[in-house]
Each structure stands twice: as structure tokens, then as C-alpha cells.
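# A closer look at the structure
What follows is each chain in one-letter form.
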Amino acid sequence: MSSLLCMCLPVFSTFTSCGVFFLQMGWGDLGAFGEPSKETPNLDQMASEGMLFLDFYAASPLCSPSRAALLTGRLPVRNGFYTTNAHARNAYTPQDIVGGIQDSEILLPELLKKAGYTNKIIGKWHLGHRPQFHPLKHGFDEWFGSPNCHFGPYDNRALPNIPVYRDWEMIGRYYEDFKIDLKTGEANLTQIYLQEALDFISKQQASQQPFFLYWAIDATHAPVYASKHFLGTSQRGRYGDAVREIDDSVGKILKHLQKLGISENTFVFFTSDNGAALISAPKQGGSNGPFLCGKQTTFEGGMREPAIAWWPGHIPAGGVSRQLGSVMDLFTTSLSLVGLQPPSDRQIDGIDLLPAILQGKLIDRLVMSPEL
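Residues numbered from 1 in each chain as written. Predicted model: local features only at pLDDT ≥ 70, side-chain atom pairs only at ≥ 80, totals over all residues. Heavy atoms only, no water.

### What to know about the overall build of the protein chain
Looking only at helices and strands, the protein chain features nine helices and twelve strands. Split into buried and exposed, the 372 residues of the protein chain put 62% on the buried side. Restricting to contacts in the protein chain with at least 6 residues of sequence separation, those with at least 24 account for 67%. Per element, the accessible surface of the protein chain, about 14,100 Å² overall, is 53% carbon and sulfur. (Helix = DSSP H or I, 4+ residues; strand = E, 2+ residues; numbered from the N terminus. Buried < 20%, exposed > 50% of the residue type's maximum accessible area, 1.4 Å probe, protein only. Contact = heavy atoms within 4.5 Å. Areas by Shrake-Rupley, 256 points an atom, 1.4 Å probe, with all protein chains shown as cover.)

Here it is, written out as C-alpha cells:
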């Protein structure tokens, strides 16, 4: 899975942040990282206008632990998403796993909310499906998406199809109200999620409200899907179709920021929560470039991720960094951007990457014990 985190300092002098999380894109899936078909022009342009991170890592080779790590700045063994931890095992399917993010954890949107931010998640939450784990109970003000991936379809007897929410209300289910054609791969979900993002950004900019947007779509997670316009357009099959649609969507989000006049005040970071899944390859899996294995392994292919920082007017264009980074760093870096300090009552594993991003410095990382 890959992610894009944006932090913006608009003319109304407050940082606005928006984050994008994709699913299971490997280190080698982007042209900027050497994918030979060059089918990601928008992400490649983002890299040419910003900074490429070559040594950036997920916190886990699985979805839920990495998402929890990004939003808490803490290793999965600390935040409760280690797979043998009794109170919140990794959620593969929401019907079978009852754990989730604990109230004792402090999430990034909770801290940003105290600083006056409006926070929205679009797409997959994956930190628990029971009411106490709902994202609106953990700092988000709005949600459009699902507690899990688009697994299914299920028979609605032994298992129901996975729900889709708008805020607290369940508005439908995958395969029923939100169609996914497993045979052709056609689904319009990415376009729906894109429009949600554009509308949210416009609304917050119009009211001069600082915002955090976590855009967490799952088109590249098997079963892979793309809209009709993109199906059959990639040299890389259906997975490539999904990547092309995600790339197009990122381009539209960045152009929308430019159109609204806040691009030079917006910090954007793209990365991934785990490597491409080889279990669904070659037809529905991506590329981890030269690295061994992929998702569900702690080899480089499962942990090393594509990463791009973009902030026009602040990050020198065309930069390449060998800074050792992690998705956990996005927690601490985001707080630094808005002038906040990380919580002092717990171990925070993420570091502030701003010196690396803005000044090209290499920052030493302290090795902390993973013990709780």
C-alpha cells in the first residue's frame, strides 16, 4: 500500500494537511523508481518537483499495523497492532477480528483537532470495525469509506458484505450498493473517493479552515479494480490499470490545490504501508523492484516503500534523499509542521523529517527497545 501525506500553510496562516493512503503499491511500481512502462506521469512529476526518498520503510508488512503506526507514531508492538497481541490483532477480515485501536492511543487527528483542524478519512480505516474503534471517536470529523478492504462478495448468511459509511451512517455495502465486478475488475470507487477528496478540500479552503485529509483507497488491493475509463489501458494488466487511475487521481488532487491557490502552502508526502503483494501476482500484484519478496514478509520487498515529498516553493525540486525514514515519521513530522510537540507520556518512534526534507540533512535514528 502507498500513502500521500500533505501539510499546507495557506494564506490564512495555519497549516492544512491532507493525507492519501493507497494499497499495496511496491517500491518498483512508479516510473520515478524505475518501473519501465512509465505509466505514472503524475507521481513522477510530483517526484521531479519535490524529493524522492529511496530508503523509506513501512512499520509492518501488513496493512493494519502500518496504518496504526502512521497515525500513532509508534511501533505496532507498542500501539497494539502486533499480530500476537491479545487486545488488537491485525484485522484481515472485520467479521473475524474484534480488536481495534485502543482509547489509550493518541492519534494524529486527535492532536491536530486540538489545534483547530478539521480531519477527514476517505477510504479504508482498518483499525477496527466495532463502534468503539470508529474513526470519528479517534479524532476524525468526517469519514467516507469502509472499516476494511473490499473483500467479498459474501453470502449475507454466514458473513455479510463489508459496509461503507458516511460518518456514523452505513450507506451501503460493497458488491451490493457499491458495485465491483470481479470478472472484469470494473468499479467506480476510485472516482467516488477522488470526488470526496476534491469536495472536502474545496469546502475547507472556502471557509479558510485548516484540514487533515487521509485518503485511503484500496484499488490495488486484490481483488484489484479500476473504473471503465482505465480498464485495459495499462501494459501491466488490471493492476496497472488501477495504478494508472490512482496516479491520475493524485494528479487531480495536486492540480486542485494549485487551482485553489494553496499548493505553495501544502506539504504532500506519498508512501506505502507495505510492499506489493506477490501472493496475488502477476495479474493482481505489483513490483517491489530489485528487492526480495513482498507483503507479509519482513524482507526488503515487504517493508521498503516508494516515498515522495512535495511542497512547492519550499522543497528544492528534483531532490533525492538517502535518509532512513518510516511511516511513523509522518506522525512526528506532521506535528512539527503545525508547531506541536509529540505526546511526552509515551514512547514515540517517529522522528521529525523536516531537516532532511527542507535542508537535505541526514538524521541519526536512536534505536529504541520494542518492549512495551
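After that view, the rundown keeps rolling.
### Some points on the nonpolar core
Generally speaking, a soluble globular protein has its nonpolar side chains buried in company with each other. In this structure, Met46, Tyr174, Tyr193, Trp215 and Ile308 are the most contacted members of the largest nonpolar core, which totals 49 residues. Listed in part, the 43 residues of the second largest apolar core include Phe53, Ala69, Trp143 and Trp311. (Core = buried A, V, L, I, M, F, W, Y, C linked by side-chain atoms within 4.5 Å.)

### Observations concerning the confidence of the model for the protein chain
With 88% of its residues at a pLDDT of 70 or more, the protein chain has an overall mean of 89. The weakest mean pLDDT in the protein chain belongs to strand 1 (residues 2-8) at 57; the strongest belongs to strand 11 (residues 319-321) at 98. Across residues 10-14, confidence stays below pLDDT 50; counting only partners more than four residues off in sequence or on other chains, it has twelve contacts. (pLDDT = per-residue confidence, 0-100.)

### Points about the packing of aromatic side chains
Inspection of every chain in the model, using the stated rule, returns 14 aromatic pairs. For the pair phenylalanine 56 and phenylalanine 269, a centre-to-centre distance of 5.0 Å together with 45 degrees between the ring planes defines the contact as tilted. Residue phenylalanine 56 is located in strand 3 (residues 51-57), and its partner phenylalanine 269 is located in strand 9 (residues 266-272); the two are separated by 213 residues in the primary sequence. The buried category is assigned to phenylalanine 269, whose relative accessible area is 0%. (Phe/Tyr/Trp six-rings, centres within 6.5 Å; stacked < 30°, edge-to-face > 60°.)

### Section: unusual backbone geometry
Here the residue pair alanine 222 and proline 223 is connected by a cis peptide bond, since its omega of 0 degrees sits within 30 degrees of zero. With respect to the helices and strands, the residue proline 223 is situated in the loop between strand 8 (211-216) and helix 6 (237-259). Residue proline 282 is reached from alanine 281 by a cis peptide bond, and omega for that bond is 0 degrees. The residue proline 282 is located in the loop between strand 9 and helix 7 (300-303) in this model. Positive phi is not limited to glycine here, since aspartate 167 has a value of about 55 degrees. Exposure remark for aspartate 167: the relative accessible area of 26% places this residue in the partly exposed category.

### Points about the packing of helix 1 (residues 41-49) against helix 6
Viewed as axis vectors pointing N to C, helix 1 and helix 6 meet at an angle of 50 degrees, and their least axial separation amounts to 7 Å. Here helix 6 runs oblique to helix 1, going by the angle between their axes. Residues Pro41, Asn42, Leu43 and Met46 of helix 1 form the contact with helix 6, whose own contacting residues are Asp247, Asp248, Val250, Gly251, Leu254 and Lys255. A class-by-class count of the residues in the contact of helix 1 with helix 6 yields five nonpolar, two polar and three charged. (Axes fitted to C-alpha atoms, helices over the stretch in contact; angles between N-to-C directions. Parallel < 35°, antiparallel > 145°, perpendicular 65-115°, else oblique. Nonpolar A, V, L, I, M, F, W, Y, C, P; charged D, E, K, R; others polar.)

### So, the pattern of salt bridges
All told, the structure shown has 15 salt bridges when counted by the stated rule. For aspartate 273, the salt bridge goes to arginine 67, with nearest N and O atoms at 3.9 Å. Of this pair, aspartate 273 sits in the loop between strand 9 and helix 7 while arginine 67 is found in helix 2 (residues 63-72), placing the two residues 206 residues apart along the sequence. When sorted by exposure, aspartate 273 lands in the same class as arginine 67, which is buried. Here lysine 120 makes a salt bridge to glutamate 142, at a shortest N to O gap of 3.4 Å. Remark: glutamate 142 occurs in strand 5 (residues 142-146) and lysine 120 occurs in strand 4 (residues 118-124); sequence separation between them is 22 residues. Here lysine 120 and glutamate 142 have matching classes, each one buried. (Salt bridge = Lys/Arg side-chain N within 4 Å of Asp/Glu carboxyl O.)

### Observations regarding the pairing of strand 7 (residues 169-173)
Taken together, the four bridges between strand 6 (residues 163-166) and strand 7 define a ladder with antiparallel strand orientation. Its bridge partner lying in strand 7, proline 163 is registered against arginine 173. Counting the residues between successive antiparallel strands, the hairpin from strand 6 to strand 7 contains two residues, one of them, aspartate 167, with a positive phi of roughly 55 degrees. (Pairing = 2+ DSSP bridges.)

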